[in-house]
Amino acid sequence: MIVGVPKEVKQDEYRVAMVPAGVEELTRAGHKVLVETGAGSGSGISDEMYAANGAEIVAATADIWRRSEMIVKVKEPMPAEWPLMRPGQTVFTYFHFAADESLTRATMASGITAVAYETIKDAKGGLPLLTPMSEVAGRMSIQEGAKYLERPFDGRGILLAGVPGVAPATVVVIGGGVVGANAARVAAGLGANVFILDVNLDRLRYLDDVMPRNVTTLFSNRHNILDTIQWADLVVGAVLIPGARAPHLVRREDLRRMPHRAVVIDVAIDQGGCFETSKPTTHAKPTYIVDDIVHYCVTNMPGAVGRTSTYALTNVTLPYAVQLANKGVERAARENPGLAAGVNIRAGKVTNTAVADTFGLECVPVA
């Protein structure tokens, strides 16, 4: 199979979908790997490193797409890439279809098979390809939140840790999954007063056991969300419903309960965001203010730490890319139900129930 690795074109995206070790493994298995010139530069990987491991370096993006039977990316295809997708081709990347109907319909029209990182499941029902980026985003949410609480960045002028004689910041994390747990742990490590909310009581019991003493677990309901955000200096939205659009758990009218110039970090923005006032932003212009609350809603947070994120991501994506290359998407999906769960669109039909339900489309499950 010919596998293509294009350079990411999303603004401020510094990750790349394959490292030289992945190229070596695929070429050793008899596949051809095309890597676009400069694809790894944002992660500190040179064209020479790829070539030394068997890749063919290709100058033009269009040539990568035209020649490749499978495209391996990091982020969803951008509008400029939509015309390059063609029937019969497999594209393996993060898609987050539920947040973007235009992308969904363009992918259906293209005839490709869209295999989405974010819905592939492991034997325990977990999301192994989402986990490492969720870990990065969760930790970054506190790093970014601490920065944007500073007054030069329009924040409240609050130090997360406080100092002797001055109370630390209050951090509220909505969602106790991988993002939320990592956010809570980092915030607690910095000395903040942390509340983490989730609807899964078993998960809350686990978090209560493993978190430091300055983390309080709460059941996530409307009352507890409103009660905690009124004291919050920083609120992290970390809600995930696999494949589906995130619910709006904090409404616009709720913002007036919060302290002036508090910060919200919506990590769920890739799936539409869990704050009603969220809208996608970029690393170049990451924040905006609504009702005196600073909003940070960058859709590719891990892209800012490209080197760390690239290696964390490719550690988990490569085995699936090898399966797809060795067996083809039909056989790979048939033999691996977890990988089959990643097939979201095939030959113009939506195959993921959550995506279909989001846009009122027919769902045709993978056979």
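Here is what the cut-offs are and how they apply
Numbering of residues starts from 1 in each chain and follows the order in which that chain's sequence is written. In keeping with the model being predicted, local features are shown solely for residues with a pLDDT of at least 70 and side-chain atom pairs are shown and tallied solely at 80 or more, while totals for entire chains, interfaces and linings include all residues. Remark: hydrogens and water are excluded; side-chain values derive from all non-hydrogen atoms of the structure. A patch is a set of surface residues, each over 30% in relative accessible area and not in a salt bridge, joined within 9 Å for like charges and within 5 Å for the nonpolar side chains Val, Leu, Ile, Met, Phe, Trp and Tyr. Accessible surface area values rest on a Shrake-Rupley calculation with a 1.4 Å probe, where residue burial reflects the displayed protein chains alone. Whenever Lys or Arg places a side-chain nitrogen within 4 Å of a carboxyl oxygen from Asp or Glu, that contact is recorded as a salt bridge. For helices the rule is a DSSP run of H or I covering at least 4 residues; for strands it is a run of E covering at least 2, with both sets numbered from the N terminus onward. Buried residues are those whose accessible area, probed at 1.4 Å on protein chains only, stays under 20% of the maximum for their type, while exposed residues exceed 50% and partly exposed ones sit between those limits. The span you would expect from a helix comes to 1.5 Å times its residue count less one. Contacts are assigned to residue pairs that have any heavy atoms within 4.5 Å of one another. Here, the term nonpolar core denotes a set of buried Ala, Val, Leu, Ile, Met, Phe, Trp, Tyr and Cys residues that are joined through side-chain atoms within 4.5 Å. Following DSSP output, two strands are said to pair if at least two bridges run between them. Angles shown run from 0 to 180 degrees and are taken between the N-to-C directions of axes, each axis being a line fitted to C-alpha atoms and, for helices, limited to the stretch in contact. Each crossing is labelled by how the near helix is turned from the far one, with a counterclockwise turn of less than a right angle marking it left-handed and a clockwise turn marking it right-handed. Classification used: nonpolar for Ala, Val, Leu, Ile, Met, Phe, Trp, Tyr, Cys and Pro, charged for Asp, Glu, Lys and Arg, polar for all others including Gly. Paired rings are identified among Phe, Tyr and Trp, the last through its six-membered ring, by centres lying within 6.5 Å, and are further divided according to the angle between planes into stacked (under 30 degrees), edge-to-face (over 60) and tilted (the rest). Counted as over-ring charges are cases with an Arg CZ or a Lys NZ within 6 Å of the ring centre that also lie within 35 degrees of the ring normal. Any pair of nitrogen or oxygen atoms within 3.5 Å is treated as a polar contact; in protein, a donor-acceptor pairing is required on top of that, and neighbouring residues in sequence qualify only through side-chain atoms on both sides. Roughly parallel refers to an angle under 35 degrees, roughly antiparallel to one over 145, roughly perpendicular to one between 65 and 115, and oblique to any angle outside these ranges. Whether a set of points on the 1 Å grid over the protein atoms alone is a cavity depends on a 1.4 Å probe fitting there but being unable to get out, while an open set qualifies as a pocket with protein on both sides within 12 Å along at least five of seven lines; lining residues are those with an atom within 4 Å of a point. Grid points are joined across faces, edges and corners, and a volume is the space filled by probe spheres set on the points.

Caption draft 1: Local environment of a nonpolar patch on the surface. A contiguous nonpolar patch, built from Leu159, Val163 and Val166 and spanning about 270 Å² of accessible area, is present on the exposed surface. By secondary structure assignment, the location of Val166 is in the loop between helix H5 (131–148) and strand E7 (170–174). In this structure Val166 comes out as partly exposed when scored by relative accessible area, which is 49%.

Caption draft 2: Spatial organisation of helix H6 (residues 178–189). For H6, which comprises twelve residues, the first-to-last C-alpha distance of 17 Å matches the rise-based estimate of 16 Å (1.5 Å per residue) to within 8%. Restricting attention to buried positions, one finds in H6 the residues Val179, Gly180, Ala181, Asn182, Ala183, Ala184, Ala187 and Ala188. As for H6, its buried residues are in contact with H5, E7, strand E8 (193–198), helix H7 (201–210), strand E9 (215–219) and strand E10 (234–237). Among the residues trailing H6, Gly191 stands out with phi positive, at a value near 100°.

Caption draft 3: Fine view of the nonpolar core. Ranked by internal contacts, the top residues of the largest apolar core, which has 69 residues, are Phe92, Val171, Val173, Val194 and Leu234. In terms of residue count, the dominant contributor to this core is helix H9 (residues 306–335) (nine residues). Residues Val172, Ile174, Ala232 and Ala246 belong to the second largest nonpolar core, which totals 23 residues.

Caption draft 4: Expanded view of the sheet that holds E10. Reading across from one edge, E9-E8-E7-E10-E11-E13-E12 is the order of the seven strands in this open sheet, with mixed pairing throughout. Strands with a single pairing partner mark the edges of an open sheet, and in this sheet they are E9 and strand E12 (287–290). Within the sheet, the average angular offset between the axes of one strand and its neighbour, ignoring direction, is 20°. Pairing analysis gives four bridges linking E12 to strand E13 (residues 293–296), with the strands arranged antiparallel. When the sheet's bridge partners are listed, Ile289 is paired in E13 with Val294. Contacts from helix H8 (residues 222–229) reach E7, E8, E9 and E10 within the one sheet, and its direction differs from that of E8 by about 160°.

Caption draft 5: The pattern of salt bridges, seen in detail. Applying the stated criterion across every chain, the model contains 21 salt bridges. The partner of Asp63 in a salt bridge is Arg66, with the nearest N and O atoms 3.3 Å apart. Of the two residues, Asp63 and Arg66 both sit in helix H3 (residues 61–67), three residues apart, roughly one turn of that helix. One salt-bridge network, in which partners are shared between bridges, spans Lys10, Lys75, Glu76 and Asp270.

Caption draft 6: Representation of the packing of H5 against H6. Where H5 contacts H6, the two axes come as close as 7 Å, and the packing angle between them is 35°. Relative to H6, the crossing made by H5 is right-handed. Every residue of H6 that contacts H5 at Thr131, Ser134, Glu135, Gly138, Arg139, Ser141 and Ile142 is listed here: Val178, Val179, Asn182, Ala183, Val186 and Ala187. Its residues placed into classes, the contact of H5 with H6 shows six nonpolar, five polar and two charged.

Caption draft 7: Here's a closer look at the packing of aromatic side chains. Scanning all chains against the criterion turns up five aromatic pairs. On the numbers, 4.7 Å between centres and 90° between planes, the contact of Phe92 with Tyr117 is edge-to-face. On the criterion of sequence distance, the pair formed by Phe92 in strand E5 (residues 90–93) and Tyr117 in the loop between strand E6 (113–116) and H5 is long-range, its members being 25 residues apart. In this structure an aromatic cluster arises from ring pairing among Phe92, Tyr94 and Tyr117. The ring centre of Phe153 lies 6.0 Å from the NZ or CZ of Lys147, which sits over that ring.

Caption draft 8: Region of the structure containing the side chain of Thr314. Looking at the secondary structure, you find Thr314 in helix H9. One polar contact links the side chain of Thr314 to the main-chain carbonyl oxygen of Thr310, over a distance of 2.8 Å. Leaving out residues up to four positions away in the same chain, Thr314 has contacts with Val16, Ala17, Met18 and Val19.

Caption draft 9: Focus on the packing of H5 against H9. Where H5 contacts H9, the axes come no closer than 8 Å and their chain directions differ by 155°. It follows that H5 is roughly antiparallel to H9 by the angle criterion. Where H5 approaches H9, its residues Pro132, Met133 and Val136 are matched on the opposing element by Ser309, Ala312, Leu313 and Val316.

Caption draft 10: Quick look at the layout of surface pockets. What the largest pocket holds in volume is close to 950 Å³. In this structure, the largest pocket is lined by 45 residues; those nearest its centre are Gly177, Val179, Ala238, Val239 and Leu240. Elements represented by at least two residues in the lining of the largest pocket include exactly H5, H6, E8 and H8. In terms of residue count, H5 provides more of the lining of the largest pocket than any other element does, four residues in total. Along the lines of polarity and charge, the residues of the lining of the largest pocket split into 24 nonpolar, 14 polar and seven charged. When its volume is computed, the second largest pocket comes out at roughly 320 Å³. Ala99, Asp100, Ile269, Pro280 and Thr299 are, among the 22 residues lining the second largest pocket, the residues nearest its centre. By residue class, the composition of the lining of the second largest pocket is nine nonpolar, five polar and eight charged.

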